[in-house]
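Understanding the architecture of this molecule
Residue-level listing of the chains:
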Amino acid sequence: MLGKTAGSLYWMARYLERSENNARLIDAGFRIALTRSNTAEAEWRSVLVTAGQDSRFRQAHGEDYSSQRVVDFMLRDPANPSSILSVIKQARDNARTARTYLTREVWEAVNTSWMTLNALLKRQVRKDDLPDALGAIRRQNGQVRGALTGTMLRNDGFHFAQLGTFLERADNIARILDVKYYLLLPSVAHIGGSIDNVQWETILRSVSAHRAYRWLYGAEISALKIAEFLILYRQLPRSLAFCCERVEEHLGQIQRGYDEETEAGRMAAALCRDRLSAPIQAIFDGGLHEYLNGFLGATGALARQIERDYRFVE
């Protein structure tokens, strides 16, 4: 497969996943701000920091972290090239570039997603309408994901798209956990308290893992158990362990297809082996922030190596 086409499929999937992840972040910020209205602006700033959009927001809007301003910036602001509307358009543009490698169902799902969300976000979304708008973003992404897994040949095009999905998802989950632990807590004294538990529970809901957590751990809410669930539980499709295993799997499939071993493949194997083998208590003892920073550094290096090995750029 040509590097340009592989890159288009990879970035199509990354942008689609990013749009859904950002919708989930907005939903988490919305829920947390409702429970802590006296510090709502700090909560919204933490959402921007998690999404890597705080610096650009301040350039455009200064220190006005009101909910409407932040939500509009992340959903549709022309000053934000990482807004959901912008990344959905970039996903569609990449899908169009790789159109001949996609099934009709996948192309139609991506194109319909763009048209639906473009119409939905033409105007500022009112606070009362925000949950429905975020739900629509998640549903549109779900339809693309269903078409992709249900109709595509399991060839290198499929594997490049899955690679983009799971790298983006792993990056997002690690950022959510890191920002939660360092920016959302009002003080260290609240760790394990009722405020802390409400926030951790909101994070679970933001990644659609609340009910699954309850099935596994019951009613007990603790930072240690939730971090273990989101980092190490290999049956959870949004855990770091699950995402890393899928990255290694799809890189392995690409390598076998071309009968060659790549540096990216070796790095993915090392990521799974070295970053996801320690028990959660050891991770906390060494510092959750330090662990997550190291993980993000490793996934960032892996993404750059994939681009070098397969000669494509965004």
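Basis of the calculations
Every chain is numbered independently, its residues counted from 1 as its sequence is written. Local features in this predicted model are restricted to residues whose pLDDT is 70 or higher, and side-chain atom pairs enter the listing and the counts only when it is 80 or higher, whereas totals over whole chains, interfaces and linings include all residues. Side-chain numbers come from the whole structure's heavy atoms, not from hydrogens or water. Only protein chains enter the accessibility calculation, which uses a 1.4 Å probe. A residue is then buried if its area is under 20% of the maximum for its type, exposed if over 50%, and partly exposed in between. Structural elements are reduced to axes, namely lines fitted to C-alpha atoms, with helices fitted over the stretch in contact, and the angle between N-to-C directions of any two is expressed from 0 to 180 degrees. Secondary structure elements follow DSSP: runs of H or I no shorter than four residues count as helices, runs of E no shorter than two count as strands, and numbering proceeds from the N terminus. Between 65 and 115 degrees an angle is taken as roughly perpendicular, under 35 as roughly parallel, over 145 as roughly antiparallel, and anywhere else as oblique. The crossing is said to be left-handed when, going from far helix to near helix, the turn is anticlockwise and less than a right angle, and right-handed when the turn is clockwise. Contact between two residues is taken to exist if any of their heavy atoms lie within 4.5 Å; hydrogens are not considered. Charged residues are taken to be Asp, Glu, Lys and Arg, nonpolar residues to be Ala, Val, Leu, Ile, Met, Phe, Trp, Tyr, Cys and Pro, and polar residues to be all remaining types, Gly included. For Phe, Tyr and Trp, rings pair up if their centres lie within 6.5 Å, where Trp contributes its six-membered ring, and each pair is then called stacked (planes under 30 degrees apart), edge-to-face (over 60) or tilted (otherwise). Two thresholds decide whether a charge sits over a ring: the Lys NZ or Arg CZ must be within 6 Å of the ring centre and within 35 degrees of the ring normal. For the purposes of this section, nonpolar cores are sets of buried Ala, Val, Leu, Ile, Met, Phe, Trp, Tyr and Cys residues that join through side-chain atoms within 4.5 Å. Criterion for a salt bridge: a side-chain nitrogen of Lys or Arg within 4 Å of a carboxyl oxygen of Asp or Glu. The pLDDT score gives, residue by residue, the confidence of the prediction method on a 0 to 100 scale.

1. Looking at unusual backbone geometry
Located in the positive-phi region is Ser 208, a residue other than glycine, with phi close to 55 degrees. Its relative accessible area of 52% is what places Ser 208 among the exposed residues.

2. Section: the packing of helix α2 (residues 40–50) against helix α4 (residues 67–75)
Their axes nearest at 9 Å, the elements α2 and α4 cross at an angle of 15 degrees. Relative to α4, the element α2 lies roughly parallel. Crossing handedness for the pair α2 and α4: left-handed. Counted together, Trp 44, Val 47 and Leu 48 of α2 and Ser 67, Val 70, Val 71, Phe 73 and Met 74 of α4 form the full contact between these two elements. Across the contact of α2 with α4, the residue classes break down as 7 nonpolar, 1 polar and no charged.

3. Observations regarding the packing of aromatic side chains
To describe a pair of aromatic rings, you give the distance between the ring centres and the angle between the ring planes. Overall, the coordinates contain 10 aromatic pairs when judged by the stated rule. With 5.7 Å between their ring centres and 70 degrees between their planes, Tyr 213 and Phe 229 make a pair best called edge-to-face. A residue pair is termed long-range when its members are at least 10 positions apart, and Tyr 213 in helix α10 (residues 210–217) and Phe 229 in helix α11 (residues 223–232) qualify at 16 residues. Centroid distance Tyr 217 to Phe 229: 6.0 Å. Interplanar angle 90 degrees. Geometry classified as edge-to-face. Of the two residues, Tyr 217 sits in helix α10 while Phe 229 sits in helix α11, which places them 12 residues apart along the sequence. For Phe 229, a relative accessible area of 1% gives the class buried. What links up through ring pairs into an aromatic cluster is the set Tyr 213, Tyr 217, Phe 229 and Tyr 233. Its guanidinium or amino end placed over the ring of Phe 158, Arg 154 lies 4.1 Å from that ring's centre, counting from NZ or CZ. A cation over an aromatic ring shows up here: Arg 246 above the ring of Phe 242, its NZ or CZ 4.5 Å from the ring centre.

4. Structural notes on the nonpolar core
For soluble globular proteins, nonpolar side chains are generally found buried alongside one another. One finds Leu 75, Leu 230, Ile 231 and Ile 306 to be the most contacted residues of the largest nonpolar core, which totals 101 residues. If you tally residues by element for this core, the top one is helix α1 (residues 3–35), at 13 residues. In this structure, Ile 306 is in contact with Tyr 10, Leu 163, Leu 167, Leu 251, Ala 264, Arg 311 and Phe 312, ignoring residues within four places of it in sequence.

5. Some details on the pattern of salt bridges
For side chains bearing opposite charge, pairing can occur when the charged atoms are close. Following the criterion strictly, the structure yields 22 salt bridges and no others. With a shortest N-O distance of 2.9 Å, Arg 76 and Asp 72 are connected by a salt bridge. Judged by relative accessible area, Asp 72 falls into the buried class, the value being 13%. Among the ionic contacts, a cluster of salt bridges with common partners joins Glu 17, Glu 20, Arg 24, Arg 145, Arg 169 and Arg 238.

6. Let's talk about the packing of helix α12 (residues 240–258) against helix α13 (residues 263–275)
Look at α12 against α13: their axes get within 9 Å of each other, and the N-to-C directions meet at 155 degrees. One element, α12, and the other, α13, form an angle in the roughly antiparallel class. Between α12 and α13 lies a crossing of left-handed hand. Contacts between α12 and α13 involve Cys 244, Glu 245, Val 247, Glu 248, Leu 251 and Gln 255 from the first element and Ala 264, Gly 265, Ala 268, Ala 269, Leu 271 and Cys 272 from the second. Looking at the contact of α12 with α13 residue by residue, the class counts come to 8 nonpolar, 2 polar and 2 charged.

7. Side note on the confidence of the model for the chain
Per-residue pLDDT for the chain averages 89, and the proportion of residues at 70 or more is 92%. Confidence drops under pLDDT 50 across residues 184–193; counting only partners more than four residues distant or on other chains, this segment forms 19 contacts.

8. Quick look at the environment of Gly 62
Looking at the element boundaries, Gly 62 is found in the loop between α3 (54–61) and α4. Put simply, Gly 62 and Leu 224 are 162 residues apart on the chain and 36 Å apart in space, counted from C-alpha to C-alpha.

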